[in-house]
Amino acid sequence: MDHSAHHTSTAHGHAAHQVHAGHQMGAVTWGAAAKATLHCLTGCAIGEILGMVIGTALMWGNVQTMILAIALAFVFGYSFTLFAVRKAGLDFKTAVKVALAADTVSIVVMELVDNGIIALVPGAMDAHLSDTLFWTSLLGGFVIAFLLTTPVNKWMIGRGKGHAVVHAYH
């Protein structure tokens, strides 16, 4: 029995799958990683800003407001992916698994960085929504989080992890 035909077919099928899924080693561009990071950052930013606005409006303390903001960042970050893969036809349970696999590391890194920036900027935690310091520290944190999360996403996508999981459903 000639096994070379089987090995060639299997290797070709595996390589085709890797290229289709967009996670062949070295095939991931910085643009693709930046797009995945921007997608994640958009959801996180919406959730985080909403949490800060709600916490401030309710006159909560810094800790409660930050907890709400982080929780909403995860909710909105996952929701963007969840809605996209549901639209592609996945059932809810599978879509949740895909969203968790696609975005968890990215959201964690992003939230650690941008909230760390806010915590480290003198006076930012006590700034009000009407203060320039609030918005510059928040937006600066998002920019730095984007810059630090993009290489993480590039590395993960290149190994078939993170946002690469979603590519099969686009």
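Trainee: Please clarify how unusual backbone geometry should be interpreted in this entry.
Mentor: Negative phi characterises most residues that are not glycine, and trans characterises most peptide bonds. At Met59, a position not held by glycine, the phi torsion is positive, near 55°. If you trace the backbone, Met59 turns up in the loop between α2 (30-57) and α3 (62-87). Relative accessible area serves as the criterion here: at 76%, Met59 is assigned to the exposed category.

Trainee: Teacher, can you tell me more about the packing of α3 against helix α4 (residues 92-120) here?
Mentor: The axes of two packed helices give the description: the angle between them and the distance between them. Direction vectors running N to C along α3 and α4 enclose 145°, while the axes themselves pass 8 Å from each other. Taken as a pair, α3 and α4 cross one another with a handedness that is right-handed. Partitioning the contact of α3 with α4 into residue classes produces 17 nonpolar, 4 polar and 3 charged.

Trainee: Is there a simple way to explain the nonpolar core in this structure?
Mentor: Across soluble globular proteins, nonpolar side chains show a tendency to be buried alongside one another. One finds Cys44, Met52, Val85, Met110, Ile118 and Leu138 to be the most contacted residues of the largest nonpolar core, which totals 27 residues. At the level of secondary structure, the elements contributing two or more residues to this core comprise α2, α3, α4 and α5 (132-158). Here this core takes 8 residues from α4, the largest share from any one element. Setting aside chain neighbours within four positions, we find Met110 in contact with Thr37, Cys40, Leu41, Cys44, Ala145 and Thr149.

Trainee: What exactly am I supposed to notice about the packing of α2 against α4 here?
Mentor: Look at α2 against α4: their axes get within 10 Å of each other, and the N-to-C directions meet at 50°. Judged on the interaxial angle alone, α4 and α2 are oblique. Where α2 crosses over α4, the handedness of that crossing is right-handed. In contact with Thr37, Cys40, Leu41, Cys44, Glu48 and Met52 of α2, α4 contributes Ser106, Ile107, Met110, Glu111, Asp114, Asn115 and Ile118.

Trainee: Just checking my understanding: could you explain α3 for this structure?
Mentor: Note that an α-helix has 3.6 residues per turn; residues three or four places apart therefore point the same way. With 26 residues, α3 ought to run about 38 Å at 1.5 Å a step, and its terminal C-alpha atoms sit 37 Å apart, in line with that. Taken together, the buried positions of α3 are Thr65, Met66, Ala69, Leu72, Ala73, Gly77, Tyr78, Ser79, Thr81, Leu82 and Val85. In this structure, the buried side of α3 is in contact with α2, α4 and α6 (164-167). Phi turns positive, to about 110°, at Gly89, one or two residues after α3.

Cut-offs and rules
- Residues numbered from 1 in each chain as written.
- Predicted model: local features only at pLDDT ≥ 70, side-chain atom pairs only at ≥ 80, totals over all residues.
- Heavy atoms only, no water.
- Helix = DSSP H or I, 4+ residues; strand = E, 2+ residues; numbered from the N terminus.
- Buried < 20%, exposed > 50% of the residue type's maximum accessible area, 1.4 Å probe, protein only.
- Axes fitted to C-alpha atoms, helices over the stretch in contact; angles between N-to-C directions.
- Left-handed = near helix turned anticlockwise from the far one by under 90°.
- Nonpolar A, V, L, I, M, F, W, Y, C, P; charged D, E, K, R; others polar.
- Core = buried A, V, L, I, M, F, W, Y, C linked by side-chain atoms within 4.5 Å.
- Contact = heavy atoms within 4.5 Å.
- Parallel < 35°, antiparallel > 145°, perpendicular 65-115°, else oblique.
- Expected span 1.5 Å × (residues − 1).

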